[in-house]
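Residues per chain are reported as follows:
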Amino acid sequence: MEEILEVLEKNSKLSAKEIAEMTGKGVEEVQKSIKEYEDKKIILGYMTLINWEKTDKESVMAFIEIKVTPQREYGFDKIAARIYRFPEVKACYLMSGGFDLAVIIEGKTMKEVALFVSQKLAVQEYVLSTATHFVLKKYKDEGVEFEGKEQDDREAIII
Amino acid sequence: MNMEDMILPKIKNIPPSGIRKYFDIINEMENVISLGIGEPDFVTPWNIREASIYSLEKGHTHYSANAGLIELRKEIADYLKRNFCVSYNPEDQIIVTVGGSEAIDIALRALVGPGDEVIIPEPSFVAYKGCTAFAGATPKVVNLRAEDNFKLTPKLLENAITPKTKVLIFPFPNNPTGAIMTKDGIKAIVDVLKDKNIIVLSDEIYAELTYGKKHVSIASFPEMKDKTILVSGFSKAYAMTGWRIGYVCGHPSLISAMKKIHQYAIMCSPTMSQYAAIEALKNSYESVGEMVREYNRRRNVMVNGFRKMGLQCFEPQGAFYAFPSIKSTGLTSDEFCEKLLKTEKVLVIPGNAFGQCGEGFVRACYATSMDKIMEALKRIDNFIHSQVS
């Protein structure tokens, strides 16, 4: 059990001291493990989950299905790299099933995303087709429900 | 007609709960952190809730068999065998009850009455004494000691046994101390009991919640199997307190006797809760593991927190309670809890609510979020320092 990872995955703000206390490990041991995870790129970063809909920021997200022709020697990896290097691409996965690459794009407007898909993705050599699905509402991301989180409503009871 | 005269003395003589006043104070205050309630803060895992909703959609809204759905009884039997090496026949050795509480009540009502003694180790869950009194029997309290890690020792047990002893309550993992009994410790108790006609009522509701050591059931000792009534349920392990569902297992003769009370008083446990319980036993291994790991982290933080404040705190190995000694503050348990609540707005429960020998201790439940635990510890630390200066 990689308990330190399990704890950090839920809350990256915890200090080594707090994690040490929770897990019953020494502070130095925890610091050393975290450093090792970072060095080995097991921990890749510390993000913050933000519900942008509650801010004034204009943003739109799309899920793109891409069919490609795999290349001799490189398979899907090289064409995937050409795609995921664009900063607009937030995530890129190789898929089984009806299409090959699943790509998540973020942009300011639907038009911006559509232009990006048509001008940067669809025109790539080896890309056979794209299908763009816009995200209308986020209910849950990274295991966190965006709304309707159950409150602690336990009532006082004798024991 | 004086209504008070109509009430049975054995009911009237049971004192009102001493904890009630704290909840009354809480209702008047804001921003209180309660470490008082003994129930999980987790919501029942969704797969369990969903299974129950589906059962309602399908129209499973009728009575079940008195002893409970046979499918559920089979799952309970499999679960107990798999995890604790105890075998029960689902046909005639298991009753699905309305929580572990009903199981305790019907077991005592089936077994004891005036003239019988029930040995109750304390500190422990308040219902044992109450149910013993309802049945008209006499509670014989054994005071567990911090220096024994709140375990029941053979010596304490031997001293409590009289010719009138009929039942021993065996409440481990323990509420409120968090003590557990290991295999060796149970073996020593079994040696005292094996040639005596005493039934053990083993309340194993916290069996899933142990930290480091796996729970051992006294019923897994062959010489104790027939003499043990095993009580457990879904409330604590699966965060299902509101569903009111538990079970009791034992020798067919005893179960048959308990079933008589159960079928007249209760008929059967709520059917939708029974469907939820089937799902809990079938598919919740992962969620339980996750909850236990989280409880363990909270336990570490809380126990360390109390120790850093200078309070002696025995290491709880089960349930979800810490039971620190507050004797160093010079306050009684009641004074400590009342002052802490009024000055720092943190609720813990006085140890003497669980028996006189709990005086000098308080119970703090760590089934609440880590943030709240950390904040509560800060406030308690403030309180203790303000007492010293």
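Reading guide: rules and limits
Residues numbered from 1 in each chain as written. Chains lettered and ligands numbered in written order. Predicted model: local features only at pLDDT ≥ 70, side-chain atom pairs only at ≥ 80, totals over all residues. Helix = DSSP H or I, 4+ residues; strand = E, 2+ residues; numbered from the N terminus. Rg over C-alpha atoms; globule rule 2.2 N^0.38 Å. Buried ≥ 20, exposed ≤ 12 C-beta atoms within 10 Å, placed from the backbone. Contact = placed C-beta atoms within 7 Å. Pairing = 2+ DSSP bridges. Axes fitted to C-alpha atoms, helices over the stretch in contact; angles between N-to-C directions. Nonpolar A, V, L, I, M, F, W, Y, C, P; charged D, E, K, R; others polar. Core = buried A, V, L, I, M, F, W, Y, C linked by C-beta atoms within 7 Å. Domains from an automatic or database assignment. Parallel < 35°, antiparallel > 145°, perpendicular 65-115°, else oblique. Left-handed = near helix turned anticlockwise from the far one by under 90°.

Caption draft 1: Quick look at the overall build of chain A. The secondary structure content of chain A amounts to five helices and six strands. Written out in order from the N terminus, the α and β elements of chain A read α-α-α-β-α-β-β-α-β-β-β. Its C-alpha atoms give chain A a radius of gyration of 21 Å, clearly above 15 Å, the size a compact globule of 159 residues would have. By its C-alpha atoms, chain A is 65 × 40 × 30 Å across when sized along the principal axes. The buried share among the 159 residues of chain A stands at 14%. Long-range contacts, defined as pairs at least 24 residues apart, comprise 52% of the intrachain contacts of chain A with a sequence gap of at least 6.

Caption draft 2: Up close: the sheet that holds strand β2 (residues 89-94) of chain A. Residues and elements named next belong to chain A. As summarised here, the arrangement of the four strands in space is β2-β3-β1-β4, forming an open sheet in which the pairing is antiparallel. The open sheet has two edge strands with one neighbour each: β2 and β4 (127-134). Direction aside, neighbouring strands of the sheet carry axes that sit 20° apart on average.

Caption draft 3: Focus on the interface of chain A and chain B. The interface is formed by twelve residues belonging to chain A together with 16 residues belonging to chain B. Residue contributions to the side of chain A that touches chain B peak at three residues, all from helix α2 (residues 16-23) of chain A. Considered class by class, the residues forming the side of chain A that touches chain B number six nonpolar, two polar and four charged.

Caption draft 4: Geometry of the nonpolar core. The biggest cluster of nonpolar side chains holds 122 residues, and the ones touching the most others in it are Ala107 and Leu201 of chain B. The next biggest cluster of nonpolar side chains, apart from the first, holds 13 residues, and it includes Ile66, Ile79, Ala80 and Val103 of chain A.

Caption draft 5: Spotlight on the domain arrangement of chain B. Residues and elements named next belong to chain B. Splitting chain B by domain gives domain 1 (3-44 + 286-388) and domain 2 (59-283). Domain 1 and domain 2 are separated by 25 Å when their C-alpha centres are compared. Taken together, the 31 residues of domain 1 in the interface contact 34 residues of domain 2. Of all elements in the fold, only α12 (285-308) and β9 (321-322) reach the threshold of two or more residues within the side of domain 1 that touches domain 2. In terms of residue count, the dominant contributor to the side of domain 1 that touches domain 2 is α12 (six residues). Among the residues making up the side of domain 1 that touches domain 2, the classes are represented as 18 nonpolar, nine polar and four charged.

Caption draft 6: Spatial organisation of the sheet that holds strand β6 (residues 199-203) of chain B. Residue and element names in this part refer to chain B. Pairing is mixed across the open sheet formed by seven strands, whose spatial order is β2-β8-β7-β6-β5-β3-β4. Strands at the two margins of the open sheet, each flanked by one partner only, are β2 (94-97) and β4 (138-143). For this sheet, the mean inter-axis angle between neighbouring strands, taken without regard to orientation, is 20°. Two elements, β6 and strand β7 (residues 228-233), share four bridges in a ladder whose sense is parallel. Among the inter-strand pairings, Ser202 is bridged to a residue of β7, identified as Leu230. With respect to the sheet, helix α7 (residues 127-134) is in contact with β3 (117-122), β4 and β5 (165-170), its orientation differing from that of β3 by roughly 165°.

Caption draft 7: A look at α2 of chain A. Turning to α2 of chain A, its buried residues are Ile19, Ala20, Glu21, Met22 and Thr23 of chain A. Directly beyond the C-terminal end of α2 of chain A, a positive phi value near 75° is found at Gly24 of chain A.

Caption draft 8: Broad picture of the packing of α2 of chain A against helix α3 (residues 27-39) of chain A. Residues and elements named next belong to chain A. It is the contact of α2 with α3, at a shortest axis distance of 8 Å, that shows an interaxial angle of 115°. Compared by their axis directions, α2 and α3 come out roughly perpendicular. Note that α2 runs across α3; the crossing there is right-handed. On α3, the residues that touch Ala16, Lys17, Ile19 and Ala20 of α2 are Val27, Val30, Gln31 and Ile34.

Caption draft 9: Region of interest: unusual backbone geometry. Glu122 of chain B connects to Pro123 of chain B through a cis peptide bond whose omega is 5°. With respect to the element layout, Pro123 of chain B can be found in the loop between β3 and α7. Following Phe172 of chain B, the chain continues to Pro173 of chain B via a peptide bond in cis, the omega torsion being -10°. For Tyr126 of chain A, which is not glycine, the phi dihedral falls at a positive 80°. Of note, the phi angle at Lys345 of chain B is positive, near 60°, even though the residue is not glycine. Along the chain, the position of Lys345 of chain B falls in the loop between α13 (333-344) and β10 (346-347). We classify Lys345 of chain B as partly exposed; it has 18 C-beta atoms within 10 Å.

Caption draft 10: A look at the pairing of β7 of chain B. All names here are of chain B. Of all six residues making up β7, six are buried, and the element is well covered by its neighbours. Where β7 meets strand β8 (residues 246-249), four bridges bridge the pair, whose relative direction is antiparallel. Pairing of Gly233 across the sheet is with Gly246, part of β8.

Caption draft 11: Just the packing of helix α1 (residues 3-10) of chain A against α2 of chain A, in detail. All names here are of chain A. Where α1 meets α2, the axes come as close as 11 Å, and the angle between the chain directions of the two elements is 125°. Classified by the interaxial angle, the pair formed by α1 and α2 is oblique. Considering only the axes of α1 and α2, their crossing is right-handed. Of the residues in α2, those touching α1 at Glu3, Ile4 and Val7 are Ile19, Met22 and Thr23. Tallied by class, residues from the contact of α1 with α2 come to four nonpolar, one polar and one charged.

Caption draft 12: Quick peek at the domain arrangement of chain A. Domain annotation for chain A reports domain 1 (3-39) and domain 2 (53-136). In this structure, domain 1 of chain A and domain 2 of chain A have C-alpha centres spaced 35 Å apart.

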